[in-house]
Amino acid sequence: MANTLETRLYNTLKRNPNSKTVKELIEQGVDCNLSHFDPDTRSIIFPIQLASKTNRHDTLCLLYEHRNRPTKLQLERHLTFYINHYDQTQEKKNEILFDYIISRLLYGRIIQYPKNVFDTLIAALHDYDNATHRGECVSKGSLPEIFLQLRIYTLFRVIIDININSDNDMFTIIENELLHNLETFYFLIGISSMPVVIPERIINDKFSEIRSSQRLLIKYYKCIAKNVIYKIEQLEINQEYTIPTGWESHAVCVSFQRISQTHIVIRIDNPSGCHLPDEHEICQSTISYNRIEPKILGQLHVDNLQKNVDYFILLIDSVKRKLTCEEGRSLIYNLNTQIHHLEKISTENILSFEKQADWNCFFKCFEPGMRIRLGRKHQEIYQHCLLCEKNNANLLAKRCEEEDQHYLYELFHQFVSLSKEEDITAIPITEKMRFQNKLKTSYKQHYKHIMSNINIEIGHLLNDIYIPLRFENNNISIELKNLFIKSRILMLGEAGCGKTTVCQYITYSWAIGKLWRNQFEWIFYIKIRNLISEFFPKQPNNYSLINIIERECFQGSKLHNLDKQKLTNMLENSSNILWILDGCDERMIPRHLLSIERELLEKPNLLLTSRPYAIHNFKNVAQVQVQNFTDQDIEKYIYNYFSLTLRTRGNKCWLFIRSSEQLLRTARIPACLEIICNLWENGTVRLDSDMMMGQLYQKMCNYLLRRYLLKYHRLCKAALARRDIYQEPKARAFAHLEYLAFQATKSHQFTISGEEITNVANSLFLSVLQIGLLIPETQNSSPFTKKIYYFIHRSFQEYLCACYIIKTLESSNSNELKREVIQFITYEKYNRHTRETFRLFFESERSNLCTEQFWSAIDSEPRDLIGLRHCSRIAQWFPNGSCIFPREDIQEINRRTIDAILGWISNRDRRAHDFGNTYIFEWFADAINHYNWLSAWRDDLFIESSLGRRYFLPDLWSIENINTLKKIYDTIPKNVYALHRLITTGPTVISLKRLLLDPNLFILNTVDHSAETSEFIIEAQKQAKRREAVTTLAEFQVLLQNYTSFANLNHQLATIGKEIWKLEIAPSALENIDKETLDLLSQLLQQNILFFRDFKLPVIPFLKLYANQNDLDDDILCSCIVLITMSSDCLLTASPDQNKLFQVDEKETFTDITLDQQRWLRLLKTFDHARHIYGYSTFFEQDN
């Protein structure tokens, strides 16, 4: 038995009912309602009952006073246990399982009663008077607790049906009603379990006499009254607490409903003629029977509940004893004003109820409460439950007749077995295997083949053609089987490098038992691009992770709600699950799925894939880079691609590729190599030896369009060979494809709906699909126009978008379309999602006019206000440099990149900028001739004034070390990377040894171990390493006040060659920044050129402060905004079309900030000034 709080309570009460131990367990949150099945006695016992048997009155009082309400956790335990052991093929076993759980809830079997008890229930439920069954009267009444057992039985059965059969809004409603009735039932059972027998001679005495003679009874009453009052105080608005009471031979419910934060309404539910005249409003119905309204006694302030302890004691006594009719009516209707501070309240729109039959008050008195709790709009739920109660009463009556001693023996034998399995984390192994096999079957069906990019009807077997990719982390090569150097991996790679293929290979190989079979119990492969509204439309109830898994991983299968619940329980109790999130650069997640994304990104075992620019804020991940194919990989891929019968053709393909340096470079990208092989296999397309990716895609699209025209329009092959196929009338469908690609890229989407295709192509809808570049996301029976489509590879969308841009810019028609394209280029030039589109633009054939218009749009506002990223983002379009392009292109590209950088690094008049030095070197180290770096650094070294140096910063280089380096600079190795490292760290043993320099020549930076550093600063450094942000202004203020200490601590790390982690300052720490803190920050920014090595500040909070026209100094805010922008990853632009608007781009998350005209102009001027003094005007000809 698991050592839970509940088992400890049971053992304590059974063996040594020590009140101190019980009190400690109560304080720890033990569930005082949870029952226990004792295999020895084959009975179900609950804590109050067990304490009552021991006659430890102090312990019993504790339980009476502190018994908790039934909880959702309690229900969840029972429900989970049922779900985990439910077997669709074993109806009898399931019924015993249900019987066991409901017996645990009811503290005993519901069929413990004779059959006539259920006959009475049946008559009451049907509103029969004077009913007989086989000559015996069954209209003689019963007890509320017996009916409550039937109601609880029914509600729990309904909840299980909801879980098994469907997702239903009823669940929460039924769950709340079940919890309410359980509390009422446990209240009654607790009172009936009191170890006090009231002598028959005083059973009908007045309460005052009972009080004086039965002190122990009154002590219990008081404890229960305190418990009830506390629970009423804790009610939320519209919740209620019900006490079933009455008088001799009549049942009534007194309900306490919270109507506001301050008041409770007391209501009498008595739909009977058995009450005082004029107490209940009675209205005559059209079918000649009365309808009776509940009686509202009034409202009571919550603060006055404690002042009415005596009233609650009287109510509890009315449950324990049989009051006379006179006593009962007087108490329940407050005739003697026992309720103190009761306030009158107006009553309107109260539901009325049919007058009950003469003998069904034990059931009917519960009807008003349930109907009122459900509200008018859910009355059909009450009718459904009532019907279920009638059916269950009939079922239980029948079972009472059928059960024999042999069945009871088998039943309790099963109960014993179930009680041993009550650890809900124990999932039947067969169930787990069933789900795993279903998941693996889905993976094997969907990822067995790699779909061809040129012939979607035929795909190669994954295992036949897959070439193992290599990965790299910090220049260390890693094989796939050893990929998890940490539990969370971010796999980065350029377009077409094989990220998705390797994810499919991992998933398929795990499914067939080839990879990580013992490392992961589960692998869930989710494409991030599918987390969109088209597949997961917004709905009233939030999606769960199981909904995502069902669609993405159990493809073609529908999980029933019971299966979803079982799978949820399995996953909650399994730690070795791998989550593969493929294509984080395609993230377009709607707001209602953000919680799902957050949940996924918090998983302990995670494999993320992305293009390098879209890494977002992934925390605690190890980055690995996908390496391109080697010559051997290319040769092996070609060998695998071409079958034995085509081996000669494959050999010729390899000889052709390796004969061209340019084509060999293109073939290192797996997606491009597949295209080359496809085209070579076809044999009808002539390949050029100097082809780049764009030209390769052009050849392939030519082939696809030609194939479409021949296959679907039966055009003459010889005639097509002599004509421009794009001018064919039947080729209009291809132009639609280009337009669809452009619109999708412009909208930052990777899906195209059938409706969008229809709107663009109209009657050519099927023709657009027949070309073969669009495929449906799922192969189901939905109409074509209702499906969602993707391009067969994202690079096709990017290429076709580039084609559309070229054709539109070259067209002499449609100025509106041309304006749309120019606006796209102008506003998307910095968006890294469009990088491949612009790259393919330059790798495709186009006119000079087209190129001129393109560059004009690029040079237009809005531009990066600093200039650093204007240069680097353009450079990103050309990963292989500009030399492969025509001379005109080379000149225009270099003018905006290489030439601008050369001008900047040689500019002696610019102010030193530490971040810019590192940023530009890391981006352009190899693009610039190494001689230029060495020359610029030498020139800077020999500047006499330390304040005039741009690279050898005085905070790192003393005069003595500068003079030493001057003497040997021309003799040291010309390793620009090692020399850059030395310049940026200052002379340390590690940086000097990399250049084979003697550390003894320099005055080395040393660590002052005697300096005391506060625990706060030490913890801040650890916080930075954990990538945790500073979230409060108070912490940030302390850091600024102790900046020197914090910077010195980081300097100590740098001195011994360790990495420095920037401490991130969260926006929340800056929201209420005061003038003193801002002044201190500004001083530190101006005086410490290395400040941004220690801190990472967000610019948006400062922009918002500036925009809100507060009491802070505008000039200081402008200065901070500029310096933060210059030294952070964000990109700031100001749109010429929208005066007063600034846009911040942080990792492809865009934020607009609106300023008034005066502030907008002041900030622009501050940026203009900064560009000039830091030399970034070089990047904009207009500034020079």
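Going by the structure above, here's the rest.
Residues numbered from 1 in each chain as written. Predicted model: local features only at pLDDT ≥ 70, side-chain atom pairs only at ≥ 80, totals over all residues. Heavy atoms only, no water.

1. Observations regarding the pairing of strand β5 (residues 240-247)
Which entries qualify depends on this criterion: Categorising residues by exposure relies on relative accessible area from a 1.4 Å probe, with only protein chains included: less than 20% of the type maximum marks a residue as buried, more than 50% marks it as exposed, and the intermediate range marks it as partly exposed. Strands here are runs of E lasting at least two residues and helices are runs of H or I lasting at least four, both read from the DSSP assignment and numbered beginning at the N terminus. Criterion used throughout: strands pair if DSSP finds at least two bridges between them.
With eight of eight residues buried, β5 is to be regarded as a mostly interior element. The alternating pattern of β5 places Glu240, Thr242, Pro244 and Gly246 and Tyr241, Ile243, Thr245 and Trp247 on opposite faces, both of which are buried. Summarising the sheet, β5 and strand β6 (residues 250-258) pair through eight bridges and their orientation is antiparallel. Its bridge partner lying in β6, isoleucine 243 is registered against valine 254. Linking β5 back to β6 in an antiparallel pair, the connection comprises two residues, with serine 249 at a positive phi of about 70°.

2. Section: the packing of aromatic side chains
Inclusion rule: Only Phe, Tyr and Trp rings take part, Trp by its six-membered ring, and two of them pair if their centres are within 6.5 Å. Stacked means planes under 30 degrees apart, edge-to-face means over 60, and tilted covers everything else.
On inspection of all chains with the given rule, the structure shows 64 aromatic pairs. Ring geometry for phenylalanine 915 against tyrosine 919: centres 5.8 Å apart, planes inclined by 20°, an arrangement best described as stacked. One end of the pair, phenylalanine 915, and the other, tyrosine 919, are both in helix α40 (residues 914-924), four residues apart, so they sit about a helical turn from each other. The buried category is assigned to phenylalanine 915, whose relative accessible area is 16%. Relative to tyrosine 977, the ring of phenylalanine 921 has its centre 5.7 Å away and its plane inclined at 75°; by these criteria the two rings are edge-to-face. In this pair, phenylalanine 921 is assigned in helix α40 and tyrosine 977 in helix α43 (residues 976-985), connecting sequence segments 56 residues apart.

3. Overview of the sheet that holds strand β10 (residues 295-301)
Sheets are built from strands paired through backbone hydrogen bonds, the pairs being either parallel or antiparallel. Put simply, the rule reads: All axes here are fitted lines through C-alpha atoms, helices being fitted over the stretch that makes contact, and every angle between N-to-C directions spans 0 to 180 degrees. Residue contacts follow a heavy-atom distance rule, with two residues in contact if any of their heavy atoms lie within 4.5 Å.
Taking strand neighbours across the sheet as the criterion, the four strands line up as β5-β6-β7-β10 in an open arrangement whose pairing is antiparallel. Lying at the two open borders of the sheet, with one neighbouring strand each, are β5 and β10. Taken pair by pair, the neighbouring strands of this sheet meet at an average axis angle of 20°, ignoring direction. In this structure, β6 lies alongside strand β7 (residues 263-269), joined through six bridges in antiparallel fashion. Each residue of the ladder has a partner; that of glutamine 257, found in β7, is valine 265. Packing of helix α13 (residues 325-332) onto the sheet brings it into contact with β5, β6, β7 and β10, and relative to β5 it is tilted by some 155°.

4. Side note on the state of the cysteines
Two cysteines whose sulfur atoms are joined by a covalent bond form what is called a disulfide. Rules: Note on terminology: disulfide denotes any pair of cysteine sulfur atoms within 2.5 Å.
Inspection of every chain in the model, using the stated rule, returns zero disulfides. Its sulfur unpaired, cysteine 503 is 9.4 Å from the next cysteine sulfur, which belongs to cysteine 584. With relative accessibility at 5%, the residue cysteine 584 sits in the buried group.

5. Brief notes about unusual backbone geometry
Between glutamate 861 and proline 862 the backbone carries a cis peptide bond, its omega angle lying at 5°. Note that proline 862 resides in the loop between α36 (848-858) and α37 (868-876). Although it is not a glycine, asparagine 238 adopts a positive phi angle of roughly 80°. Looking at the element boundaries, asparagine 238 is found in the loop between α11 (215-233) and β5.

6. Some details on the nonpolar core
Here is a general trend for soluble globular proteins: nonpolar side chains tend to be buried in one another's company. Note the following rule: Working definition of a nonpolar core: buried Ala, Val, Leu, Ile, Met, Phe, Trp, Tyr and Cys residues. They are joined through side-chain atoms within 4.5 Å.
Ranked by internal contacts, the top residues of the largest apolar core, which has 154 residues, are Phe524 and Leu773. If near-sequence neighbours (up to four positions away) are discounted, phenylalanine 524 is found in contact with Leu439, Tyr443, Ile549, Cys553, Phe554, Leu571, Ile577, Leu578, Trp579 and Ile580. Grouped together as the second largest cluster of nonpolar side chains are 133 residues, Tyr113, Met170, Phe185 and Tyr382 included.

7. Re the pattern of salt bridges
Put simply, the test is: Each reported salt bridge corresponds to a side-chain nitrogen of Lys or Arg within 4 Å of a carboxyl oxygen of Asp or Glu.
The final tally for this structure, using the stated rule, is 57 salt bridges. In this structure, lysine 364 engages glutamate 367 in a salt bridge whose closest nitrogen and oxygen atoms are separated by 2.7 Å. With relative accessibility at 6%, the residue glutamate 367 sits in the buried group. With its nearest N and O atoms 3.1 Å apart, the salt bridge here joins arginine 1159 to aspartate 1114.

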